[in-house]
Amino acid sequence: MEIDLVGKTMENKQIIFKRYTNESVKETDMELKLGNPIKLEAPKGSNAVLVKNLYFSCDPYMRGRMRDFHRSYIPPFSPGSAIEGLGVSKVLDSDDPNFKRGDLVTGYTNWEEYTLIKKTNELRRIQQDDGIPLSYHVGLLGMPGFTAYVGFYEVCAPKKGDYVYVSAASGAVGQLVGQLAKLHGCYVVGSAGTSQKVELLKNKLGFDEAFNYKDKSDLESALMRYFPQGIDIYFDNVGGGMLDAALANMRAHGRVAICGMVSQNNRTDAQSFRNMFSIISKRITIKGFLQSDFIHLYPRFLEEITGYYKQGKIVYIENMNHGLETSPAAFVGLFSGKNVGKQVICVATE
């Protein structure tokens, strides 16, 4: 029988963001804070919900929030405060009529055991399905999955038979892009940073080919080998030299979707490109995007991707860490390639 905790005061462990940094993010840029009491209730008149956090999402975009930079699409973290990120949570108490005790929700929460969420309009209720893990709502059925879906179908405008290249292809977004491209009738090549991930792309995720970019001294030549006819679609999660090499290998009227630039996380200097003229000569379309631009398509995405998963047409790979205290190491590991698939933190079970 579940114990009713509403109204009780509990210790609330948190992961605190300590300082801004332009260098490689380290575990010491975050710390586990103990002894922070919280009363488990949603105050009357607050229109807030009090949740118990179950899963946290570790995402590369969060690295940008660790800089003292205020001109992005999302504000930086506040030093001394709990890190904010996407999660799956259970409602313990609610002052919002749209949510009730026991509801499972996903949206922005804090890296802590319990959170009072005031921006309830940004929460989405989860319809629990025994065939789909709850954690998938911060992965396959969450922001990364939706990013892959709209990035591929809406930004890349794919056609059957297109030649598709995906960088960081074993990550939370790239793994789904490749599978959607295969379902669409495309030829797909992915790159990753270890031989283990390369084998995963080919043997489990169904890519036609894959390669370890760390083994390639000349990325332009490597891509020419895998795409002798050229690239129609490049789904870019990396930027930098990888983007420059892809531009040299694009076909006429090729499309490039700029999803992420993980290679630029710690850069403070300008970077020059050698192959920019290809944009003119090959009439290449390059478009950056945010999944939030397409939020009206989310119901269609949820229905289609849930169907594909249940039919066994797609698979999704998670890297699950257990315990709030493992969050800093898991997050730092994103940028050294330690995770395989979508990085998730299990904070608690229901």
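Within an unreviewed UniProt entry, the label attached to the protein reads Enoyl reductase (ER) domain-containing protein, and the organism entered is Lactuca virosa.

Describing the overall build of the protein
Tallying secondary structure elements over the protein gives nine helices and 17 strands in all. Here the protein has a C-alpha radius of gyration of 21 Å; the compact-globule value for 350 residues is 20 Å, and the two agree. Put simply, the protein has 350 residues, and 51% of those count as buried. Intrachain contacts of the protein at a sequence separation of at least 6 include 70% that bridge at least 24 residues. Accessible surface computed for the protein: about 16000 Å², of which carbon and sulfur atoms make up 50%. Counting 41 positive and 38 negative side-chain charges, the protein places the averaged centre of each group 3 Å from the other.

Points about the pattern of salt bridges
The full count for this structure, using the stated rule, is 15 salt bridges. Here Asp208 makes a salt bridge to Lys182, at a shortest N to O gap of 3.0 Å. Separated by 26 residues along the polypeptide, Asp208 in the loop between α4 (195-203) and β12 (209-212) and Lys182 in helix α3 (residues 174-183) bring together distant segments of the chain. Accessibility expressed as a relative area gives 29% for Asp208, which makes it partly exposed. Close ionic contact of Glu199 with Lys202 constitutes a salt bridge, the shortest N to O distance being 3.9 Å. Remark: Lys202 and Glu199 occur in helix α4; sequence separation between them is three residues, near one turn of the helix. Each of Lys100, Asp103 and Arg125 takes part in one network of salt bridges that share partners.

Some thoughts on the nonpolar core
Among the nonpolar cores identified, the biggest contains 43 residues, and Leu140, Phe146, Tyr149, Phe152, Val166, Phe235 and Ile305 are the most heavily contacted of them. Counting only elements with at least two residues in this core, the list comes to α2 (143-155), β10 (163-166), α3, β11 (187-192), α4, β13 (231-236) and α8 (298-310). Discounting chain neighbours no more than four positions away, the residues touching Val166 are Gly174, Val177, Gly178, Val188, Val189, Gly190, Ser191, Phe207, Phe235 and Asn237. If you look at the next biggest cluster of nonpolar residues, it comprises 21 residues, including Phe17, Val25, Phe77 and Leu334.

Things to note about unusual backbone geometry
Although it is not a glycine, Asn47 sits at a positive phi angle of roughly 60°. With respect to the helices and strands, Asn47 occurs in the loop between β4 (37-39) and β5 (49-57). Taking the relative accessible area as the measure of exposure, Asn47 reaches 36% and is therefore partly exposed.

Thoughts on the packing of aromatic side chains
Counting across every chain of the model gives 20 aromatic pairs. In textbook terms, an aromatic cluster arises when at least three aromatic residues are bridged by ring pairs, as seen for Tyr163, Tyr165, Tyr187, Phe211, Tyr226, Phe227 and Tyr234. Positioned above the aromatic ring of Tyr226 is the side chain of Arg225, whose terminal nitrogen or guanidinium carbon lies 4.8 Å from the ring centre.

Rules used in this analysis
- Residues numbered from 1 in each chain as written.
- Predicted model: local features only at pLDDT ≥ 70, side-chain atom pairs only at ≥ 80, totals over all residues.
- Heavy atoms only, no water.
- Helix = DSSP H or I, 4+ residues; strand = E, 2+ residues; numbered from the N terminus.
- Rg over C-alpha atoms; globule rule 2.2 N^0.38 Å.
- Buried < 20%, exposed > 50% of the residue type's maximum accessible area, 1.4 Å probe, protein only.
- Contact = heavy atoms within 4.5 Å.
- Areas by Shrake-Rupley, 256 points an atom, 1.4 Å probe, with all protein chains shown as cover.
- Lys, Arg positive; Asp, Glu negative; His and termini not counted.
- Charge placed at Lys NZ, Arg CZ, Asp CG, Glu CD.
- Salt bridge = Lys/Arg side-chain N within 4 Å of Asp/Glu carboxyl O.
- Core = buried A, V, L, I, M, F, W, Y, C linked by side-chain atoms within 4.5 Å.
- Phe/Tyr/Trp six-rings, centres within 6.5 Å; stacked < 30°, edge-to-face > 60°.
- Lys NZ or Arg CZ within 6 Å of the ring centre and 35° of its normal.

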